[in-house]
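Tertiary structure, described
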Amino acid sequence: MILTRKEATVIEKIRNRSTRKEIARKLGISTFEVEDIVNDLVQRLAIQRSDNVKEECEVLLDTYEIEDNTEKISKQKKTIEVLIPEGYEDHIRKQYGILPRREIARQLNLSKVTLNLMIMQLGLREKEMPELHNQRFFEQNEDHIQSVNIKEV
């Protein structure tokens, strides 16, 4: 039988008579998740629940293989998808690398975080933006920036 690393750890801990809390602590997951794994292993006939003691289980497997899922984990990064309105993509692609992200976000009336998510989604994140662009932009718009700061004070 092929098991995940978590399932294999749960089986070994059950063999050592560890409690669900100890297993959860070891794996860094909740006791509910441990119970789900145990239920799954019972259904797959890898372990059997004891009739007389609630949490006690007996391991039915002598040998098993551990699934190598390291590639799957690295590919399953959590990302937030953002709906990019019509026209925004063209504007971002034209201005990215020319204007600072902060200015592009201001032009599109977006937060910088939302703009960064859109940039990642468009695959522009890898494109480096030289520091000169930021410096040049702020030098050209120094009067405007100072007037905005004066009005705020």
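Please read all numbers here as calculations on a predicted model, not as lab measurements.

A separate point is helix α1 (residues 5-15). Three or more residues of α1 are buried, namely Glu7, Ala8, Val10, Ile11 and Ile14. In an axial view of α1, the angular spread of the buried residues amounts to 160°, which keeps them on one side of the axis. Of the surrounding secondary structure, the elements contacted by the buried residues of α1 are β1 (2-3), α2 (20-27), α3 (31-43), β2 (47-49), β3 (57-59) and β4 (65-66). Arginine 17, located one to two residues past α1, shows a positive phi value of around 65°.

Another point: unusual backbone geometry. Of note in the backbone geometry, arginine 17 takes a positive phi value of approximately 65° without being a glycine. Note on placement: arginine 17 falls in the loop between α1 and α2. Despite not being glycine, asparagine 109 shows a phi value in the positive range, around 55°. Tracing the sequence through the fold places asparagine 109 in the loop between α6 (101-107) and α7 (112-122).

Moving on to α2. Taken as a whole, α2 has its buried residues at Arg20, Ile23 and Ala24. Down the axis of α2, the smallest arc covering the buried residues is 100°, so these residues share one side. α2 presents Lys21, Arg25 and Lys26 as exposed residues on the side facing more than 90 degrees away from its buried surface. Contact partners of the buried residues in α2: α1, α3, β2 and β3.

Residue placement: glutamate 35 occurs in helix α3. For glutamate 35, a relative accessible area of 26% translates into the label partly exposed. Sequence separation of glutamate 35 and arginine 20 is 15 residues, and the distance between their C-alpha atoms is 7.5 Å. Apart from residues lying up to four places away in sequence, glutamate 35 is in contact with Arg20 and Arg49.

Before going further, it helps to examine the nonpolar core. Counting residues in each nonpolar core, the largest one holds 16 residues, and the members touching the most others are Val10, Ile11, Ile14, Val38, Leu41 and Ile47. In terms of residue count, the dominant contributor to this core is α3 (four residues). In contact with isoleucine 11, other than residues within four places in its own chain, are Leu3, Leu41, Ala46, Ile47, Val59, Leu61 and Tyr64. Judged by nonpolar contacts, the second largest core, of 14 residues, contains Val82, Ile92, Leu108 and Leu117.

This part takes up the environment of isoleucine 92. For isoleucine 92, the position within the fold is in helix α5 (residues 88-95). By relative accessible area, which is 0% here, isoleucine 92 ends up buried. For the pair formed by isoleucine 92 and leucine 115, sequence separation is 23 residues and the distance between their alpha carbons is 8.6 Å. Contacts of isoleucine 92, omitting those with residues within four sequence positions, involve Ile104, Leu108, Leu115, Met118, Ile119, Leu122 and Leu124.

Thresholds, definitions, all that
- Residues numbered from 1 in each chain as written.
- Predicted model: local features only at pLDDT ≥ 70, side-chain atom pairs only at ≥ 80, totals over all residues.
- Heavy atoms only, no water.
- Buried < 20%, exposed > 50% of the residue type's maximum accessible area, 1.4 Å probe, protein only.
- Helix = DSSP H or I, 4+ residues; strand = E, 2+ residues; numbered from the N terminus.
- Arc of directions from axis to C-beta.
- Contact = heavy atoms within 4.5 Å.
- Core = buried A, V, L, I, M, F, W, Y, C linked by side-chain atoms within 4.5 Å.

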